[in-house]
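The primary structure of each chain is shown beneath.
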Amino acid sequence: MKYLYRIYQLFVALPILLVWTIFIALVTTIGCFLGGGHFWGYYPGKVWAWVNLKVLLLPVKVEGKNNLEKGQSYVFVSNHQGAFDIFLIFGHLPRNFKWMMKYQLRKIPFVGMACEKSKQIFVDKRGPKRIKESMDKAHDILQGGVSLVVFPEGSRTFTGHMGKFKRGAFLLADELQLPVVPLTINGSFHVMPRTRDFHFVNWHPLTLTIHQPLYPISKGEDNVSTTMADSYSAVMDSLEPQFQGYVENPDQ
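Residues numbered from 1 in each chain as written. Predicted model: local features only at pLDDT ≥ 70, side-chain atom pairs only at ≥ 80, totals over all residues. Heavy atoms only, no water.

## Quick notes on the overall build of the protein
Move 1: Within the protein, the regular secondary structure consists of 9 helices and 7 strands.
Move 2: Computed over its C-alpha atoms, the radius of gyration of the protein comes to 18 Å, within 12% of the 18 Å expected for a compact globule of 252 residues.
Move 3: Along the longest, intermediate and shortest principal axes, the C-alpha atoms of the protein span 55 × 50 × 40 Å.
Move 4: Surface exposure of the protein reaches about 12600 Å², of which carbon and sulfur atoms provide 63%.
Move 5: Side chains of the protein give 27 positive and 19 negative charges; the mean places of these two sets differ by 9 Å. (Helix = DSSP H or I, 4+ residues; strand = E, 2+ residues; numbered from the N terminus. Rg over C-alpha atoms; globule rule 2.2 N^0.38 Å. Areas by Shrake-Rupley, 256 points an atom, 1.4 Å probe, with all protein chains shown as cover. Lys, Arg positive; Asp, Glu negative; His and termini not counted. Charge placed at Lys NZ, Arg CZ, Asp CG, Glu CD.)

Below, the structure is given as structure tokens:
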């Protein structure tokens with residue numbers, strides 16, 4: 001079955017997904033240029049990600065949808081197991097949101113252009129001024145009523161285990177007194193671990209767990225530290241047992 005799946009990927013899935021990705025990137029770019037960025041910056045990408053997983057025949061399970069309140073903005077924080085985290089969250093998280101992503105992703109043909117036009121937030125760490133610009137943009141997005149998705153580890157795992165969480169997302173949530181929602185991803189590391197980028201996809205079920213929102217208990221350092229620690233514990237406790245426990249990520 002493994003080799004049949006690889007033949008299917010090479011001759012069926014890959015051509016479909018290449019054309020599909022270019023098409024959605026152009027739709028997003030043109031739609032955002034014409035106006036209605038909140039719509040065109042989210043729904044085409046959501047459909048793109050959902051179809052990608054369907055074409056690759058990857059089963060998805062989502063737990064905890066009922067934990068989210070209609071109309072409420074959130075800061076979502078997730079572990080980062082692999083490239084397929086993007087498809088899983090974009091396709092199956094029931095909330096209009098913007099991504100915080102590495103500025104290097106702007107260079108991906110078509111996709112980078114669509115992300116820029118749809119006002120996704122590129123995190124540029126090449127100096128304090130650029131970092132502040134990224135955080136100010138995220139601040140404006142959240143004030144506008146849209147949610148935000150952040151991978152607070154900052155980079156994908158090499159082992160399937162979690163590294164450390166960085167404070168940026170939690171500082172934003174504290175400043176605006178918004179609830180933080182931890183997300184746990186399972187299965188993405190099996191599908192395509194970081195050490196095998198651009199290789200064949202491994203068939204494996206994917207699970208997205210949406211935890212209970214963590215509402216502010218105060219404002220300031222105590223709230224930031226508590227929310228970050230509680231988020232980390234929630235994500236960690238729902239990981240597959242083989243991936244529980246901290247492992248240092250040299251890329252952090």
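Still more ground to cover, so stick around.
## Focus on the packing of aromatic side chains
Move 1: Under the counting rule described, the total for this entry stands at 16 aromatic pairs.
Move 2: Consider the rings of Trp48 and Phe87, whose centres lie 5.2 Å apart with planes at 75°: the pair is edge-to-face. Separated by 39 residues along the polypeptide, Trp48 in helix H3 (residues 43-55) and Phe87 in helix H4 (residues 84-92) bring together distant segments of the chain.
Move 3: Overall, Trp48 belongs to the buried group, its relative accessible area being 14%.
Move 4: Here the aromatic cluster, defined as three or more aromatic residues joined through ring pairs, consists of Phe39, Trp40, Tyr42, Tyr43, Phe90, Phe97, Trp99 and Phe151. (Phe/Tyr/Trp six-rings, centres within 6.5 Å; stacked < 30°, edge-to-face > 60°. Buried < 20%, exposed > 50% of the residue type's maximum accessible area, 1.4 Å probe, protein only.)

## A look at the pairing of strand E2 (residues 75-78)
Move 1: Neither face of E2 is left uncovered, since the one carrying Val75 and Val77 and the one carrying Phe76 and Ser78 both have all their residues buried.
Move 2: As judged from the 3 bridges shared by E2 and strand E5 (residues 147-150), these two strands associate in the parallel manner. Looking at E5, one finds that Val77 is bridged to Val150. (Pairing = 2+ DSSP bridges.)

## Focus: the packing of H3 against H4
Move 1: The N-to-C vectors of H3 and H4 enclose an angle of 120°; their axes lie 7 Å apart at closest approach. It follows from the interaxial angle that H3 and H4 lie oblique. Between H3 and H4 lies a crossing of left-handed hand. Every residue of H4 that contacts H3 at Gly45, Lys46, Trp48, Ala49, Trp50, Asn52 and Leu53 is listed here: Phe84, Phe87, Leu88, Phe90, Gly91 and His92.
Move 2: Tallied by class, residues from the contact of H3 with H4 come to 8 nonpolar, 4 polar and 1 charged. (Axes fitted to C-alpha atoms, helices over the stretch in contact; angles between N-to-C directions. Parallel < 35°, antiparallel > 145°, perpendicular 65-115°, else oblique. Left-handed = near helix turned anticlockwise from the far one by under 90°. Contact = heavy atoms within 4.5 Å. Nonpolar A, V, L, I, M, F, W, Y, C, P; charged D, E, K, R; others polar.)

## Let's talk about the pattern of salt bridges
Oppositely charged side chains may form a pair once their charged atoms are brought near each other.
Move 1: In the structure shown here, the tally under the stated rule is 5 salt bridges.
Move 2: Of the charged contacts in the structure, one is a salt bridge between Arg106 and Glu116, with a shortest N-O distance of 3.6 Å. With Arg106 in the loop between strand E3 (97-102) and helix H5 (111-117) and Glu116 in helix H5, this pair connects stretches of sequence that are 10 residues apart.
Move 3: On the accessibility criterion, Arg106 (36% relative accessible area) is partly exposed.
Move 4: Among the charged side chains, a network of salt bridges with common partners joins Lys102, Arg194 and Asp251. (Salt bridge = Lys/Arg side-chain N within 4 Å of Asp/Glu carboxyl O.)

## Notes on H4
Move 1: Among the 9 residues that make up H4, 8 are buried, leaving the element largely enclosed by the rest of the structure.
Move 2: What H4 keeps buried is the set Phe84, Asp85, Phe87, Leu88, Ile89, Phe90, Gly91 and His92.

## Digging into a nonpolar patch on the surface
Move 1: Nonpolar side chains collect at one region of the surface, where Met1, Leu4, Ile7, Leu10, Phe11, Val12, Leu14, Ile16, Leu18 and Phe200 lie side by side and expose about 1000 Å² of accessible area between them.
Move 2: Here Ile7 is to be found in helix H1 (residues 2-34).
Move 3: Residue class for Ile7 comes out partly exposed when judged on its relative accessible area of 49%. (Patch = residues over 30% accessible without salt bridge, like charges linked within 9 Å, V, L, I, M, F, W, Y side chains within 5 Å.)

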